[in-house]
Amino acid sequence: MFNELTQDDIDKMQKEIDYRIAILRPRISQEIVEAKAHGDLSENAEYHAARKEKGKNEGRIEYLRAMIKTAKIIKINSNADEVGIFDKVEVLFEEDGTTETMQLATTMQNDVSQNIVSKESPFGKAVMGRHIGDRVEVRVSPDYSYHVVIKSIKKATSGVDLKLS
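In this text the structure is predicted, and so the values were computed from the model without any measurement.

**Q** Now, about the environment of Val83: what can you tell me, with residues and values included?
**A** Inspection of the secondary structure puts Val83 in the loop between β2 (71-73) and β3 (88-93). By relative accessible area, Val83 is classed as buried at 1%. Between the alpha carbons of Val83 and Glu16 there is a distance of 29 Å; along the sequence they are 67 residues apart. Look past the residues within four positions of Val83 in its chain and what remains in contact with it is Ser78, Val89, Leu104, Val127, Met128, Gly129, Arg130, Ile150 and Ile153.

See the structure below:
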C-alpha cells in the first residue's frame, strides 16, 4: 500500500532525514564515546541512554526513508465548494449537537489533539469531496457510526504550516 503524501510532506521528511544524519547522528555518537569513557558499561546509565537515543534516531531515519520510498505523491486540487486535503471543515456532530472545526491532512501530519485528522481516517474518508450542508455518515467500525453535517469549509492551498507526526 502506498502512502498518499504531498510534495511538501516529502520535502519535510527529507529535511528531517538530513538533519538527523548531519547533526543528530554525530552528536549522539559523541555522547556514546564520552559515556564509554566513564568506565563500567554495565552500570553506566549515560551510555545506555545514549545507545537508546541512537536507536531511536536510526529508527526514525529508516521510517522516514520507507515513507518516502512508498509514497504516492498527491496534488491538492479539490473544487472550491468541496472538502479537500488541508481544508478546515466545521461540522455539527448530530449525536451531541456540538460543532467542531477539523482540518484534514496527510497521514504524516495528523495531530488529533489539534483537530488535525488524516484524510485516511474514518472521518477524513467520509467528508472528502463533500459539500456544505451535506449530512455524512462516519463509519468507525462495523458496529459504530455517527453522523455529521458540514457547516462550512475554509479552503487551504497547502499543509506547509503543519508539522510532521
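**Q** Can you explain the pairing of strand β7 (residues 144-154)? Please cite residues and give values.
**A** Sheet analysis places β3 next to β7, joined by 6 bridges and oriented antiparallel. Bridge assignment links Leu92 to a residue of β7, and that residue is Val149. Bridge count between strand β6 (residues 135-141) and β7: 6 bridges; the pairing is antiparallel. Paired with Val138 across the two strands is Tyr146, which belongs to β7.

Procedures and definitions
Residues numbered from 1 in each chain as written. Predicted model: local features only at pLDDT ≥ 70, side-chain atom pairs only at ≥ 80, totals over all residues. Heavy atoms only, no water. Helix = DSSP H or I, 4+ residues; strand = E, 2+ residues; numbered from the N terminus. Buried < 20%, exposed > 50% of the residue type's maximum accessible area, 1.4 Å probe, protein only. Contact = heavy atoms within 4.5 Å. Pairing = 2+ DSSP bridges.

Function-wise, these values are silent; they only describe arrangement.
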